[in-house]
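Chains, contacts and geometry: an overview
What follows is the residue order along each chain.
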Amino acid sequence: MLRTRILTGCILGALLLLGLFLLPPFWAVLAFGAVFTIGAWEWAGFGMLRGTPARALYALAVALVLLLSWRWTDDPAHLIILLSAACGWWVVAFLWLAFAPGRHRPALTLLCGLGVLAPAFVALARLQISAPGPARGPFIVLWLVLMVCAADIGAYAAGRAFGQRKLAPRVSPGKTWEGAVGGLALVILVAWGGAAYFGLPLLAAVAFGCGVGIFSVIGDLTESMFKRAAALKDSGTLLPGHGGLLDRIDSVTAAAPLYALGLFGSGVLP
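The rules behind the values
- Residues numbered from 1 in each chain as written.
- Predicted model: local features only at pLDDT ≥ 70, side-chain atom pairs only at ≥ 80, totals over all residues.
- Heavy atoms only, no water.
- Helix = DSSP H or I, 4+ residues; strand = E, 2+ residues; numbered from the N terminus.
- Expected span 1.5 Å × (residues − 1).
- Axes fitted to C-alpha atoms, helices over the stretch in contact; angles between N-to-C directions.
- Parallel < 35°, antiparallel > 145°, perpendicular 65-115°, else oblique.
- Left-handed = near helix turned anticlockwise from the far one by under 90°.
- Contact = heavy atoms within 4.5 Å.
- Nonpolar A, V, L, I, M, F, W, Y, C, P; charged D, E, K, R; others polar.
- Disulfide = S-S within 2.5 Å.
- Buried < 20%, exposed > 50% of the residue type's maximum accessible area, 1.4 Å probe, protein only.
- Patch = residues over 30% accessible without salt bridge, like charges linked within 9 Å, V, L, I, M, F, W, Y side chains within 5 Å.
- Areas by Shrake-Rupley, 256 points an atom, 1.4 Å probe, with all protein chains shown as cover.
- Salt bridge = Lys/Arg side-chain N within 4 Å of Asp/Glu carboxyl O.
- Pairing = 2+ DSSP bridges.
- Phe/Tyr/Trp six-rings, centres within 6.5 Å; stacked < 30°, edge-to-face > 60°.

Looking at helix α8 (residues 202-229)
The end-to-end C-alpha separation of α8 is 41 Å, in line with the 40 Å expected for 28 residues at 1.5 Å each. Two residues or fewer past α8, alanine 231 is found with a positive phi of approximately 60 degrees.

Here is the structure:
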């Protein structure tokens, strides 16, 4: 199982790099759309849609929302509105996790899928095509992915070594506060490296990175909450050793809108 997990992870990493750095902008946006449409297919299972026709219809509806969101955010002001609303949703998700993780309704879960998937797609796609020159879009997206991976890897390593106090026992019993702190420590290193590469103020970039890391944890826990409510171990079986596609992008769905809002809203990206 570990060998399969590592092999799948290597393939995913290679595909990500090839997609970010080799695909023309139109095809890169299309690829992000395909990824999040597959994510919608898996999310349909959280909303108790088990049959193929029902799942396909939900995925098609989400794909339409992705397209409409993409076109609407051609206006920079609209982009900021969407990203701000998405960050507000993730604050609500945090409160949901903290106070009522067991309260769910299938229809509400399906509606939440729109708030999870559409803004993350727009954030990543807009970042990908945003910046020319040395700080061009692919490196911007890669910095986000590295921070999210750092939060995950650091949390796993610190949790295994020092974990004692449960972070969210009703949602994900394996996660600990010690792991979360370890993840943030590694995020700080990646944020520092990105600040040096992009020429950004160090303290602001590190604080920003910590925010992205915290949101990535919320995204991970939120998907776990919905999976537990639907009595699912994984979101799907697409990725051997990893489960479904959502199991790999859950943290990104929360981190990407905040990350994009920080970069576009501050004027770092036009």
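What to know about the packing of helix α4 (residues 76-99) against helix α5 (residues 106-128)
It is at 10 Å that the axes of α4 and α5 come closest, and there the two elements cross at 135 degrees. In terms of orientation, α4 and α5 fall into the oblique class. Here the hand of the crossing between α4 and α5 comes out left-handed. The residues of α5 that touch α4, namely those facing Leu79, Leu82, Leu83, Ala86, Trp89, Trp90 and Trp96, are Leu108, Cys112, Gly115, Val116, Pro119, Val122, Ala123 and Arg126. Of the residues belonging to the contact of α4 with α5, the class tally is 13 nonpolar, one polar and one charged.

Structural notes on the state of the cysteines
Disulfides are covalent bonds that link the sulfur atoms of two cysteine residues. For the structure on display, the rule yields zero disulfides. Unpaired in this structure, cysteine 10 has its nearest cysteine sulfur neighbour in cysteine 149, at a distance of 12 Å. Residue class for cysteine 10 comes out exposed when judged on its relative accessible area of 52%. Distance from the sulfur of cysteine 210, which forms no disulfide, to the nearest cysteine sulfur (cysteine 87) is 16 Å.

Here we look at the environment of methionine 147
Looking at the element boundaries, methionine 147 is found in helix α6 (residues 137-162). Note on methionine 147: relative accessible area 1%, which makes it buried.

Focus on the packing of α6 against α8
Contact pair α6 / α8: the axes reach a minimum separation of 9 Å and the direction vectors enclose 60 degrees. Comparing the axis directions of α6 and α8 gives the class oblique. The interaxial crossing formed by α6 with α8 has right-handed handedness. Contact with α6, carried on its side by Leu144, Met147, Val148 and Ala151, involves Gly209, Val212 and Ser216 of α8 and no other residues of that element. Tallied by class, the residues present in the contact of α6 with α8 amount to five nonpolar, two polar and no charged.

Details of a nonpolar patch on the surface
A cluster of nonpolar side chains, Leu7, Ile11, Leu15, Leu18 and Leu22, forms an exposed patch at the surface whose accessible area comes to about 520 Å². With respect to the helices and strands, the residue leucine 7 is situated in helix α1 (residues 2-22). The exposed category is assigned to leucine 7, whose relative accessible area is 53%.

Details of the pairing of strand β2 (residues 172-176)
Here two bridges tie strand β1 (residues 166-168) to β2, and the two strands are oriented antiparallel to one another. Bridging from a neighbouring strand, alanine 168 pairs with serine 172 of β2. Hairpin connection, β1 to β2: the antiparallel pair is bridged by three residues.

Comments concerning the packing of aromatic side chains
Taken as a whole and assessed by the stated rule, the structure comprises 14 aromatic pairs. Measuring from ring centre to ring centre gives 5.6 Å for tryptophan 89 and tryptophan 90, while their planes differ by 55 degrees; the resulting arrangement is tilted. Like tryptophan 90, tryptophan 89 is buried. Here the aromatic rings of tyrosine 197 and phenylalanine 198 are separated by 4.9 Å at their centres, their planes lie at 85 degrees, and the arrangement is edge-to-face. Within the aromatic cluster, the residues linked to one another by ring pairs are Phe21, Phe139, Trp143, Tyr197, Phe198, Phe208 and Tyr259.

Focus: the pattern of salt bridges
Per the counting criterion, the structure on display carries six salt bridges. The shortest N-O distance in the salt bridge between lysine 175 and aspartate 220 comes to 3.3 Å. Of the two residues, lysine 175 sits in strand β2 while aspartate 220 sits in helix α8, which places them 45 residues apart along the sequence. For lysine 227, the salt bridge goes to aspartate 247, with nearest N and O atoms at 2.9 Å. You can see lysine 227 sitting in helix α8 and its partner aspartate 247 sitting in helix α9 (residues 246-265), a full 20 residues away along the chain. In this pair, the class of lysine 227 matches that of aspartate 247, namely buried.

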